[in-house]
Amino acid sequence: MTKAFRTISDVLRSPLANYAKGGKAQATDRILRSTKLEDGIYADLRAGDETMDDLEVEAGKKLSSFPALSRDVYQSFYSLMPKRNKESDLSVMAQKFNRHILDHVMQSEDYATIKGICEGRELPAYEAASEFISRTAGELDELLAGVGGDKGALNTLDKLQKAKNEAEDELAKLLDRLHQSKGYNETLEKSVVTAANKTESLNRQAEAVGRLIDATTSKHKDTVAAIVAGAAKAAVEKAEETQCILAAWGSSSGGMERSEVNTALLETVRKNENLKQIAKYLGRFREIFAQGKKNGYAYGRGEKYTLELGDNLSRALTSELAMLASPETIPLFLRKYQRKQIKQYRRREPIRKGAGDIICCLDESDSTRGDNAAWGKAVALTLLEIAADGGRSFALIHFSGAGGLHTDVFRPGEYTAADKMTAAERFLGGGTDFKPPMRAAVSLMENEGFENADIVFITDGECMLPDDFVEQLREKQMELGFSVTGILLDADGGMDFSLDEFCEKVYRTSELTGDEIVRDMTARGA
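Residues numbered from 1 in each chain as written. Predicted model: local features only at pLDDT ≥ 70, side-chain atom pairs only at ≥ 80, totals over all residues. Heavy atoms only, no water.

Draft legend 1. The arrangement of the pattern of salt bridges in detail. Overall, the coordinates contain 35 salt bridges when judged by the stated rule. A salt bridge links Glu127 to Arg270; the shortest N-O distance between them is 3.0 Å. Taken together, the residues span a long stretch of sequence, with Glu127 in helix α8 (residues 122–138) and Arg270 in helix α13 (residues 260–270) at a distance of 143 residues. A relative accessible area of 17% places Glu127 in the buried class. In this structure, Asp433 and Lys435 form a salt bridge, with 3.1 Å as the shortest nitrogen-oxygen distance. Linked by salt bridges that have partners in common, Glu127, Lys238, Glu241, Arg270, Glu273 and Lys276 make up one network. (Salt bridge = Lys/Arg side-chain N within 4 Å of Asp/Glu carboxyl O. Helix = DSSP H or I, 4+ residues; strand = E, 2+ residues; numbered from the N terminus. Buried < 20%, exposed > 50% of the residue type's maximum accessible area, 1.4 Å probe, protein only.)

Draft legend 2. Local environment of helix α5 (residues 66–78). Here α5 spans 19 Å end to end across 13 residues, near enough to the 18 Å set by a 1.5 Å rise per residue. Burial within α5 is extensive, with 12 of its 13 residues counted as buried. Where α5 is concerned, the buried positions are Phe66, Ala68, Leu69, Ser70, Arg71, Asp72, Val73, Tyr74, Gln75, Ser76, Phe77 and Tyr78. (Expected span 1.5 Å × (residues − 1).)

Draft legend 3. Broad picture of the nonpolar core. Membership of the largest hydrophobic core comes to 98 residues, with the highest contact counts inside it found for Phe77, Phe97, Trp249 and Ile487. The element that contributes the greatest number of residues to this core is helix α12 (residues 221–249), accounting for 12 residues. The contacts of Phe97, once residues within four sequence positions are left out, are Leu63, Leu69, Leu140, Leu143, Leu144, Val147 and Leu154. Counting 28 residues, the second largest nonpolar core, distinct from the first, contains Ile397, Met445, Ile455 and Leu473. (Core = buried A, V, L, I, M, F, W, Y, C linked by side-chain atoms within 4.5 Å. Contact = heavy atoms within 4.5 Å.)

Draft legend 4. Broad picture of the environment of Cys244. Counting through the fold element by element, Cys244 comes out in helix α12. Separated by 120 residues in sequence, Cys244 and Pro124 have C-alpha atoms that sit 9.8 Å apart. With residues near it in sequence (within four places) discarded, Cys244 still touches Ala279, Lys280 and Gly283.

Draft legend 5. A look at the sheet that holds strand β6 (residues 405–410). Read from one edge to the other, the open sheet built from 6 strands follows the order β6-β5-β4-β7-β8-β9, with strand pairing classed as mixed. Looking at the sheet topology across the chains shown, the edges are occupied by β6 and β9 (503–508). Between one strand axis and the next, the sheet turns through 15° on average, direction left out of account. Taken strand by strand, helix α17 (residues 371–389) contacts β4 (358–363), β5 (394–399), β6, β7 (454–459) and β8 (483–488), and its axis lies near 175° from that of β4. Here helix α18 (residues 417–425) sits on the sheet in contact with β5 and β6, set at roughly 160° to β6. (Pairing = 2+ DSSP bridges. Axes fitted to C-alpha atoms, helices over the stretch in contact; angles between N-to-C directions.)

Draft legend 6. Layout of the environment of Phe502. Along the chain, Phe502 turns up in the loop between β8 and β9. The class for Phe502 is buried, based on a relative accessible area of 4%. As a C-alpha pair, Phe502 and Lys271 span 231 residues in sequence and 41 Å in three-dimensional space. Once residues lying within four places of it in the same chain are set aside, the contact partners of Phe502 are Val470, Leu473, Arg474, Gln477 and Val484.

Draft legend 7. Region of interest: the side chain of Asp363. Checked against the element boundaries, Asp363 lands in strand β4. Although buried, Asp363 forms no salt bridge, and the nearest oppositely charged side chain, Arg369, lies 11 Å from it. At 2.7 Å, the side chain of Asp363 forms a polar contact with the side chain of Thr459. Sequence-distant contacts of Asp363, defined by excluding residues within four places in its chain, comprise Thr368, Phe399, Thr432, Ile458, Thr459, Asp460 and Gly461. (Lys, Arg positive; Asp, Glu negative; His and termini not counted. Polar contact = N/O pair within 3.5 Å; in protein donor to acceptor, adjacent residues only side chain to side chain.)

Draft legend 8. The arrangement of the confidence of the model for the chain in detail. Scored by pLDDT, the chain has a mean of 84; 91% of the residues are at 70 or more. A low-confidence stretch, residues 297–304 (pLDDT under 50), is modelled with 18 contacts involving residues beyond four sequence positions or located in other chains. Note on residues 349–354: pLDDT is under 50 here. Beyond four places in sequence and across chains, it has 10 contacts. (pLDDT = per-residue confidence, 0-100.)

Written as structure tokens, this is what we have:
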């Protein structure tokens, strides 16, 4: 190979001389920048995670920059505004591998979903990143082949880069000695020329290998993208699962940080398919309830209000009527009025005197097993939250056929998350009989202090009731003043409801979605 430098003058006129004098900062494997606070949060999350430790050690044997990729993936999920390090500050492994993987992640169709769940939320971001890295590590050989072609190409480039860095350091020392020498030193000058040629040769070799890697990366771009997309989908599922579990079974404050409570909660629920299934609904229902509380307004005495759009000026917000005070905004007000877009208060429901306790009768016959059972349990536990919010007692009456009955009573401040999970896990099975749960509900009102109670009756079928029982039930309703709300799980087709004549309202899943039913019930305070 032709030598790039023959004399000391050639070296001193080249870019190597200036570079050697100034030195070069240590290259980083990190693509994204992070704050000390973010680093501290990640360190706390990683503490004690032996699975990730072992995974990174094994993957690191094949790719030295793999641990940095783990950190960057988490950063891309968690950070509000991910910021990149300069390209010139990156190690060759970060430039040739990590950057491409991270680019595919942030350009994938699932990235927006991941950000929506994980942004600013410690545990969902960490769980999602761990799942992504686990999937990526499992296909690391294929990824390395897709990026570098030969599985050893990246490592070859890494070795060349390290050798080049060592050669540059040696050249820098020799140049420093040359500048400090007082006279001509032939031996030193020859050493400088030799070191410069070695550095330049290694630089050319690294560039050649880098071009080959770039060509391979471009050729197998779709293959790499498909692998990353699969890992991203797995990350979405893990993030959604984590969010659902914490939202469903966590504290009402909605904290998604790592704590002993949240960590134990994730571990417990993930081992229980019933609790996981309920979490898919319960987390969303609790959010609907929480949002309803935020958007609700109290107005006057004894009425609850929320907001809607319309053209009723008697219920318009004062901020809307204020537009009439200025000639410039009157046309805007009239246009909103004509389009029925005036913000106005919407009366929800009169607040019942005493805000009665809540009794939920939940059908657990064999026909409800599966999705209907999970949905019903989620509704029941949302009603428990509504009761707790108002300082009211709550009872969950599990019922099925003859002899199938169990009652869980929850007094304000006297139960734990474990008590709720125990009630949620219970499933009776069998046939359907409406008489035992209604008798149990009446007994709670007469003997257990459930005053002015609201009964919510959830079932997927009908049950013929004897005339004498119907008459007795009607008399008890008049005597005790309780109300009944029916929820009929008849999504596959409308059917009759035996308790219809006792119900203040009947919701049908054949007519409304589950979210619509829960939203209306929470707005009415159950």
